[in-house]
Amino acid sequence: MTSEEILKRLQDQFGEAILGTDDSSLNLTVKVASETLLEISRFCRDDSSLSFDLLSLVSGVDWTDRIESVIHLDSTAHKHHLVLKVDCDHESPRCPSVVEIWNAADWHERETYDMFGIIYEGHPNLVRILCAEDWEGYPLRKDYLMPDEYHGIPNDFQQAGKRPQKYNPRG
Amino acid sequence: MGEATNVTEVPLPQGGTVAVKPGDFRTEEMLLNIGPQHPSTHGVLRVVVRTDGEIILDSQVHIGYLHRCFEKVVENVTWTQVTPYTDRMDYLASMYNNLGYSLAVEKLGDVEVPERASYIRIIIGELQRIASHLMSVGTYGLDVGAITAFLYCFRDREITLRIFEEVCGQRLNYNYIRPGGVSGDLTDEMLKKIDDFIDYFLPKIDEIDNLLSMNGIFIYRTAGVGILPLDLALDYGCTGPVLRGSGLARDLRKDEPYGLYEQFDFDVITGKGEKGQLGDCWDRYMIRVREMRESCKIIKQALAKIPEGKFIEPKLLKNVKVKKGESYLKVENPRGELGYYIVSDGKKGPYRCSVRAPSFCNIAVLPEISRGCMVADMVVIIGSIDIVMGEVDR
């Protein structure tokens, strides 16, 4: 199916629940409300004309005012791709977990929780996966500051007696 | 009192007997820790296995020992400075990591790639696939106790590494494929060397088959072990040889061609359960051996029609202009679908660069397929998934 057809199929089915598309993305990107994410995800997997059977990636983007949870879906049969986006609150980001639909989401959601602190509600084992269990803070948030030490190990910049110079290529 | 009748007198070694009734002897579950520093875990992978005697009841995978937050690092560098970091994820297929990233940036930045560069990428990429599969096949032999095949594989892999060294000056982390093209041209001598290597290497694959793939002991050890059904593979997001081993012909080079792959003729290898059951370790292993032949085929075709011309626009080596937006691009890495999700805010570097690492997804299925297997088979199953921890942890 082409992007337009996928979008139309979703809009016909869910109407208002599809909040819109993201035109800055080169892939078809659909914004959905977090309450309807599970329902839409299940439809995406089970509908024979969509059949998104492979979850590629769950990821996050910190836009400083909100955090996006991004799900990339693939269909091995129809060879099309869909991106689902859910906006989460920046202070206490929460999002429904899609593990019950695709088991592949398990580790990806743990990673996104680890890096952005998004609480995936309904996830069977939401613990840190890459960072240590007692790590503080969420490294991929834009306002994250590196801790001065971890269990008595000072960070390199601290050892050199200065905080890291702010190098910002986007400045 | 039915129990009283079941009492048996068991003789003790030091003399005398002891009365034993059913329920007196119990087996206990045991937690067994494998790794993180264990030769068979291919890096620093830790698996905690709950066993009942020799049988695996459940296992838990712990990762993160190599984590250095690639995704955070690249938010602070420019577009072209990212490529050396991508090298260090899947360090056995660095060329392919470079390629995936470069294609993603080119797609978002609308960068034109010279035709010659596209051909070079395909030649080098497939050569990298051969090198990566040789590593995988060789170490898999080691895992199951066949050391000879490992030495044969490394002998041939060495030649590919020397070619890479000549091409870009590095043996492992190349930083060769850049957004916009490649960092250096392939001279005619190099092309001749690659051609000679393919001629030399094709018969050597039969050697690997004779030594390892069709070896009775090897088949006995791997066939019918760690069976991964297709629906489970898809559910867990497995891709690459792991998914194809379960019988689905999903190869992004064919399905969603990138570069110039649509112009090349090659077969997608799938598992058929020849020696045991569909989706077992032998199937996954054999995919890699057979794919090396297909890679040779692709390289031969590319060498025959590589055009003359530029290999990169020199100003692109400095930095690339990427407009605001985002894209997701996936390539068929030797280990599976390598995806780059790139978000740009129009500045000099990525706003966000998220990587879908194939090993990360493939290893997640380990607890499912190792359940009910023998403890010794754990090593065989981990080897058949072919993980690179640098990529799992990023």
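These numbers were taken from a predicted model, which means no experiment stands behind them.

Student: Tell me about helix H12 (residues 281-305) of chain B, and please be specific about residues and values.
Tutor: Its 25 residues give H12(B) an end-to-end C-alpha distance of 37 Å, which sits within 8% of 36 Å, the value for a rise of 1.5 Å per residue. Taking burial as the measure, the 25 residues of H12(B) include 18 buried ones, the bulk of the element.

Student: Describe the layout of surface pockets, naming the residues involved and giving the relevant values.
Tutor: In this structure, the second largest pocket spans a volume of roughly 300 Å³. For the second largest pocket, the lining is made up of 17 residues, of which A:Asn27, A:His81, B:Lys107, B:Glu256 and B:Lys330 are closest to its centre. Put simply, the parts of the chain that give the lining of the second largest pocket at least two residues each are helix H1 (3-14) of chain A together with strand E8 (325-333) of chain B. In terms of residue count, E8(B) provides more of the lining of the second largest pocket than any other element does, three residues in total. A per-class count over the lining of the second largest pocket returns eight nonpolar, four polar and five charged.

Student: Talk me through the interface of chain B and chain A; I want residue IDs and the actual numbers.
Tutor: Put simply, an interface is often sized by how much accessible area is lost when its parts join up. At the junction of the two partners, chain B supplies 48 residues and chain A supplies 44 residues. Overall, the association of chain B and chain A removes approximately 3900 Å² of surface from exposure, summing both partners, and the carbon and sulfur fraction of that is 56%. In this structure, the salt-bridge partner of B:Glu75 is A:Lys142, at a minimum N-O distance of 3.0 Å. Where chain B packs against chain A, one counts 18 residue pairs in polar contact (both at pLDDT 80 or more). Mapped by element, the contributors of at least two residues to the side of chain B that touches chain A are helix H2 (70-73), helix H4 (94-109), helix H9 (230-235), E8, strand E9 (336-344), strand E10 (352-356), helix H13 (358-363) and helix H16 (389-393) of chain B. Sorting elements by how many residues they give to the side of chain B that touches chain A places E8(B) first, with five residues. Residues of the side of chain B that touches chain A, tallied by class, amount to 20 nonpolar, 10 polar and 18 charged.

Student: Residues and numbers for the pattern of salt bridges, please.
Tutor: All names here are of chain B. Scanning the model with the defined rule gives 50 salt bridges over all chains in all. In this structure, the salt-bridge partner of Arg 253 is Glu 126, at a minimum N-O distance of 3.1 Å. One end of the pair, Arg 253, is in helix H11 (residues 252-255); the other, Glu 126, is in helix H5 (residues 115-144), with 127 residues separating them in the sequence. The class for Arg 253 is buried, based on a relative accessible area of 2%.

Student: How would you sum up the packing of H5(B) against H12(B)? Please name residues and give values.
Tutor: All names here are of chain B. It is the contact of H5 with H12, at a shortest axis distance of 9 Å, that shows an interaxial angle of 155 degrees. Relative to H12, H5 is oriented roughly antiparallel. Crossing hand, H5 versus H12: left-handed. By residue class, the composition of the contact of H5 with H12 is 17 nonpolar, three polar and five charged.

Student: Kindly report on the packing of aromatic side chains, identifying the contributing residues and their values.
Tutor: For the structure shown, the criterion picks out 16 aromatic pairs over all chains. With centroids separated by 5.5 Å and ring planes inclined at 65 degrees, the aromatic side chains of A:Trp107 and B:Phe360 adopt a geometry described as edge-to-face. Taken together, the positions of A:Trp107 in helix H3 (residues 105-116) and B:Phe360 in helix H13 put the pair across two chains. There is no split in this pair, since A:Trp107 and B:Phe360 are both buried.

Student: Which residues make up the sheet that holds strand E1 (residues 18-21) of chain A, and what are the values?
Tutor: All names here are of chain A. An order of E1-E2-E5-E4-E3 is seen for the five strands of this open sheet, with the pairing classed as mixed. Two strands bound the open sheet, and with one partner strand each, they are E1 and strand E3 (54-62). Neighbouring strand axes in the sheet, compared pairwise and without regard to direction, differ in orientation by 25 degrees on average. Bridge analysis of strand E4 (residues 66-74) against strand E5 (residues 81-89) gives nine bridges, and the strand direction is antiparallel. Opposite Asp 74, over in E5, you have His 81 as the bridge partner. Contacting E1, strand E2 (29-32), E4 and E5, helix H2 (residues 37-46) runs over the sheet at an angle of about 170 degrees to E5. Contacts from H3 reach E3 and E4 within the one sheet, and its direction differs from that of E3 by about 10 degrees.

Student: So, the confidence of the model for chain A: which residues are in play, and what are the values?
Tutor: Per-residue pLDDT for chain A averages 83, and the proportion of residues at 70 or more is 91%. The element-level mean pLDDT for chain A is lowest in helix H4 (residues 156-159) of chain A, coming to 58, with H3(A) highest at 91.

Student: So what about the sheet that holds strand E4 (residues 46-52) of chain B? Which residues, and what values?
Tutor: All names here are of chain B. Taken in spatial order, the three strands line up as E3-E4-E5 in an open sheet, and their pairing is antiparallel. Pairing within the sheet leaves two strands with one partner each, and these edge strands are strand E3 (30-34) and strand E5 (55-62). On average, adjacent strands in this sheet sit at an angle of 25 degrees to one another, irrespective of strand direction. Sitting on the sheet, helix H15 (residues 375-385) is in contact with E3, E4 and E5, with an inclination near 145 degrees to E4.

Student: For empty space enclosed by the protein, give the residues involved together with the corresponding values.
Tutor: According to the stated counting rule, one finds three cavities of 30 Å³ or more in the structure shown. Considering the residues around the largest cavity, the lining is formed by A:Leu57, A:Val58, A:Ser59, A:Glu111, A:Thr112, A:Met115, A:Phe116, B:Glu71, B:Arg352, B:Ser354, B:Val355 and B:Arg394. When residues of the lining of the largest cavity are traced back to their parent elements, those giving at least two are E3 and H3 of chain A together with E10 of chain B. The element that contributes the greatest number of residues to the lining of the largest cavity is H3(A), accounting for four residues. In terms of residue class, the lining of the largest cavity is made up of five nonpolar, three polar and four charged. Roughly 40 Å³ of volume is contained in the second largest cavity. Lining of the second largest cavity is provided by A:Glu111, A:Met115, A:Leu130, A:Leu140, B:His67, B:Cys69, B:Phe70, B:Glu71 and B:Arg394. Within the residue set of the lining of the second largest cavity, elements represented by two or more residues are H3 of chain A together with H2 of chain B. Tallied by class, residues from the lining of the second largest cavity come to five nonpolar, one polar and three charged.

What counts and what doesn't
Residues numbered from 1 in each chain as written. Chains lettered and ligands numbered in written order. Predicted model: local features only at pLDDT ≥ 70, side-chain atom pairs only at ≥ 80, totals over all residues. Heavy atoms only, no water. Helix = DSSP H or I, 4+ residues; strand = E, 2+ residues; numbered from the N terminus. Expected span 1.5 Å × (residues − 1). Buried < 20%, exposed > 50% of the residue type's maximum accessible area, 1.4 Å probe, protein only. 1 Å grid on protein atoms, 1.4 Å probe; cavity = no way out; pocket = protein on both sides within 12 Å on 5 of 7 lines; lining within 4 Å. Points joined across faces, edges and corners; volume = space filled by probe spheres on them. Nonpolar A, V, L, I, M, F, W, Y, C, P; charged D, E, K, R; others polar. Contact = heavy atoms within 4.5 Å. Buried area = accessible area lost by both parts, 1.4 Å probe. Salt bridge = Lys/Arg side-chain N within 4 Å of Asp/Glu carboxyl O. Polar contact = N/O pair within 3.5 Å; in protein donor to acceptor, adjacent residues only side chain to side chain. Axes fitted to C-alpha atoms, helices over the stretch in contact; angles between N-to-C directions. Parallel < 35°, antiparallel > 145°, perpendicular 65-115°, else oblique. Left-handed = near helix turned anticlockwise from the far one by under 90°. Phe/Tyr/Trp six-rings, centres within 6.5 Å; stacked < 30°, edge-to-face > 60°. Pairing = 2+ DSSP bridges. pLDDT = per-residue confidence, 0-100.

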